[in-house]
Amino acid sequence: MMMDCASNDIQEEEEEERLKVRELVRREVEDWDDPVKAVARFKGFSGQRSDWEGRYLFWRDLIIKVARHLGTFIIRPSRLNNIWFRREGALSPLCLHQVLFEMHNAGELLRDSDLTDPTRTSTSPSARLSLILRKAIHTLGFSTPAQPSDFSEDCYCILSTLLEERALQVVQLLSENHWTSSCVITLTKFQETCGGPKEASAVLSYLSGCGKAKYLVVRKKDVMEGVKVSLSSGEVSEVTSLDYHVLHLMWTVDKLEQQLEVIDQRCRKSKSSAVGCLKSGNRRIALRHARELKLAFQSREKCTLLLNRVEEVLRVIADAESSRKVSEAMKVGAEAMRENKISIEEVDLCLEDLDTSISSINQVDELLVSAPLSAVLEDEDIDDELKILELEIGEDSNRASISKNGVDSMAGVAEESETVDSLSDALSNLNFKGSAATKAVRKRLSPSSTEVLSV
């Protein structure tokens, strides 16, 4: 039964993906449904490169567009044939494996075997030896080149451009939660940030190759895996003992959060069972579920206390890092003062001028902010009165737009000038001290003036 449900979910996912791709392709390729052009596009490559260069570029660009639209950078040839580009009537492109082969030769596509997984090479001596041998073979030029048939199987392929984009997105997301130049994160959190284990493996391989990330592992009672990522433009710094301690703490936080989630599920289940037993009149069973609920609450309190203590330690470490950064900045500033022969008195004068400028700006801001607020506080009815004025002016403008069509333009300009003066005088006399001011404004604004103003 569970296998049937999983199969149905996979079929629904594939159908949803097929619809998304079909909509995008028809939007990008106007003649996609043309049967004649479809046959020409779907046939295999033959002849000289100049004969099929245009079709190759068409499929390459379309594959990248669809992958970017779906938010993925990992593709499989079978998925391209059977879901993305399969036409009605079971017609699939015969040239896709050749397109992938050409993309691989151009460096725009990588096979999963082309990537180095740091999590494997760091944990397995045989994997490290295999990596060394593979690098040596590649350096000496004895490696076996890829063949078009290699891409006809159900292998995983990585689009290089989209992999780079995803890696930049991951670094950006981590930068939003960490202000330091680098951060340590558990492998589980890194996988969640990347979108899955396979995506995380490819991103970690790319960042490690660029010197922007390093894989960490702590082997104690449990194996704790993590990643140190550079959040600045430079390469990631060397791994220190503090990084391993931070990884241990971060791993503990993840475990405690998982435990809290399990306890919360147990609480909800016990509470629901207790309520159900009470409604059915089975008080003895309800008391048993109530005891389980109380024990779960106690466990939750202990777990929350431990989580708070670990997070407090992490905050202390972050504060210490902040103090170290400040200390380094002060040392750099002192060194710069010595090199440029700047005295402390000159620095003090600059700081005093800066404080004076800031104070002046703050005073102007306070005046600008306090002026409209005081007006509102002195006359609460002013908003309603102004709304009435706006309605009256709007109604008069509708009538004026009909009656003023034949008026001479110079006379209209003269009347408009008089009306502007009248409105200016009325608004200048508005003192915001009571409804009498608004009545004076109405009196000064005659219907004729509002008509001209509206025109």
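Draft legend 1. Summary view of the sheet that holds strand S3 (residues 157-159). Taken in spatial order, the 3 strands make up an open sheet running S1-S3-S2, and their pairing is antiparallel. This sheet does not close on itself; its edge strands, each paired only once, are strand S1 (74-75) and strand S2 (109-111). Here S2 runs beside S3; their pairing, made up of 3 bridges, is antiparallel. If you follow Leu110 over to S3, its bridge partner there is Ile158. Packing against the sheet, helix H5 (residues 96-105) makes contact with S1, S2 and S3, and its axis sits at approximately 100 degrees to S2.

Draft legend 2. Structural context of the side chain of Ser230. Of note, Ser230 is situated in strand S6 (residues 223-230). Here Gly234 takes part through its backbone oxygen, which lies 2.8 Å from a polar atom of the side chain of Ser230. Filtering out sequence-adjacent residues up to four positions away, Ser230 remains in contact with Val171, Ser181, Ser182, Lys212, Glu235 and Val236.

Draft legend 3. Region of interest: helix H11 (residues 241-280). Between the first and last C-alpha of H11 there are 59 Å, a value that for 40 residues agrees with the 58 Å anticipated at 1.5 Å per step. Gly281 sits one or two residues past H11 and shows a positive phi near 90 degrees.

Draft legend 4. Main features of the packing of helix H8 (residues 160-177) against helix H9 (residues 187-194). Look at H8 against H9: their axes get within 10 Å of each other, and the N-to-C directions meet at 120 degrees. Classed by the angle they form, the pair H8 and H9 counts as oblique. The two elements H8 and H9 cross, and the hand of that crossing is right-handed. Contact residues: H8 offers Arg166, Val170 and Leu173, while H9 offers Phe190, Thr193 and Cys194.

Draft legend 5. Highlighting the packing of aromatic side chains. Applying the stated criterion across every chain, the model contains 8 aromatic pairs. Plain terms: the ring middles of Phe42 and Trp59 are 5.6 Å apart, the flat faces sit at 65 degrees to each other, and that makes the pair edge-to-face. Within this pair, whereas Phe42 is found in helix H2 (residues 35-42), its partner Trp59 is found in helix H3 (residues 49-70), the two being separated by 17 residues in sequence. Like Phe42, the residue Trp59 is buried in the burial classification. With a centroid separation of 5.2 Å and an interplanar angle of 70 degrees, the aromatic rings of Trp59 and Phe85 are classed as edge-to-face. With Trp59 in helix H3 and Phe85 in the loop between helix H4 (77-84) and H5, the pair connects residues that are 26 residues apart, well separated along the chain. Grouped by ring-pair contacts, the aromatic residues Trp32, Phe42, Phe58, Trp59, Trp84 and Phe85 constitute a single cluster. A cation sits over an aromatic face here: Arg41 above Phe58, 4.8 Å from the ring centre. Directly above the aromatic system of Tyr56 lies the positively charged group of Arg49, at a separation of 5.6 Å from the ring centroid.

Draft legend 6. Inspection of the pairing of strand S5 (residues 213-219) at higher detail. The element S5 is extensively covered by neighbouring structure, given that 5 of its 7 residues are classed as buried. Here S5 runs beside S6; their pairing, made up of 7 bridges, is antiparallel. Bridging from a neighbouring strand, Leu216 pairs with Gly226 of S6. Taking the residues between adjacent antiparallel strands as the criterion, S5 and S6 are bridged by 3 residues.

Draft legend 7. Region of the structure containing the sheet that holds strand S4 (residues 182-186). Ordered in space as S4-S6-S5, the 3 strands form an open sheet in which the pairing is antiparallel. Pairing within the sheet leaves two strands with one partner each, and these edge strands are S4 and S5. Strand-to-strand twist in this sheet, taken as the mean axis angle between neighbours without regard to direction, amounts to 25 degrees. Against the sheet, H11 makes contact with S4, S5 and S6, and its axis sits at roughly 45 degrees relative to S4, the strand it touches most.

Draft legend 8. Structural detail: the packing of H8 against helix H10 (residues 197-209). For the pair H8 and H10, the least separation of the axes is 10 Å and the interaxial angle reads 90 degrees. Classified by the angle their axes make, H8 and H10 are roughly perpendicular. Contacts between H8 and H10 involve Leu163, Glu164, Arg166, Ala167, Val170 and Val171 from the former and Glu199, Ala202, Val203, Tyr206 and Leu207 from the latter. Across the contact of H8 with H10, the residue classes break down as 8 nonpolar, no polar and 3 charged.

Draft legend 9. Up close: the pattern of salt bridges. For the coordinates displayed, the defined rule picks out 19 salt bridges. Where Glu28 meets Lys65, a salt bridge forms, and the shortest distance between an N and an O atom there is 3.3 Å. With Glu28 in helix H1 (residues 2-28) and Lys65 in helix H3, the pair connects residues that are 37 residues apart, well separated along the chain. With its nearest N and O atoms 2.9 Å apart, the salt bridge here joins Asp31 to Lys37. Accessibility expressed as a relative area gives 22% for Asp31, which makes it partly exposed. The exposure class of Lys37 is partly exposed, given its relative accessible area of 40%. Each of Asp31, Lys37 and Arg41 takes part in a single network of salt bridges with overlapping partners.

Draft legend 10. Local environment of the environment of Ile317. Relative to the helices and strands, Ile317 resides in helix H12 (residues 283-340). The class for Ile317 is partly exposed, based on a relative accessible area of 23%. Taking the C-alpha atoms as reference, Ile317 lies 9.2 Å from Leu242; in sequence the two are 75 residues apart. Dropping the residues within four chain positions of it, Ile317 is found in contact with Leu242, Val246 and Leu249.

Reading the values: the criteria
Residues numbered from 1 in each chain as written. Predicted model: local features only at pLDDT ≥ 70, side-chain atom pairs only at ≥ 80, totals over all residues. Heavy atoms only, no water. Pairing = 2+ DSSP bridges. Helix = DSSP H or I, 4+ residues; strand = E, 2+ residues; numbered from the N terminus. Contact = heavy atoms within 4.5 Å. Axes fitted to C-alpha atoms, helices over the stretch in contact; angles between N-to-C directions. Polar contact = N/O pair within 3.5 Å; in protein donor to acceptor, adjacent residues only side chain to side chain. Expected span 1.5 Å × (residues − 1). Parallel < 35°, antiparallel > 145°, perpendicular 65-115°, else oblique. Left-handed = near helix turned anticlockwise from the far one by under 90°. Phe/Tyr/Trp six-rings, centres within 6.5 Å; stacked < 30°, edge-to-face > 60°. Buried < 20%, exposed > 50% of the residue type's maximum accessible area, 1.4 Å probe, protein only. Lys NZ or Arg CZ within 6 Å of the ring centre and 35° of its normal. Nonpolar A, V, L, I, M, F, W, Y, C, P; charged D, E, K, R; others polar. Salt bridge = Lys/Arg side-chain N within 4 Å of Asp/Glu carboxyl O.

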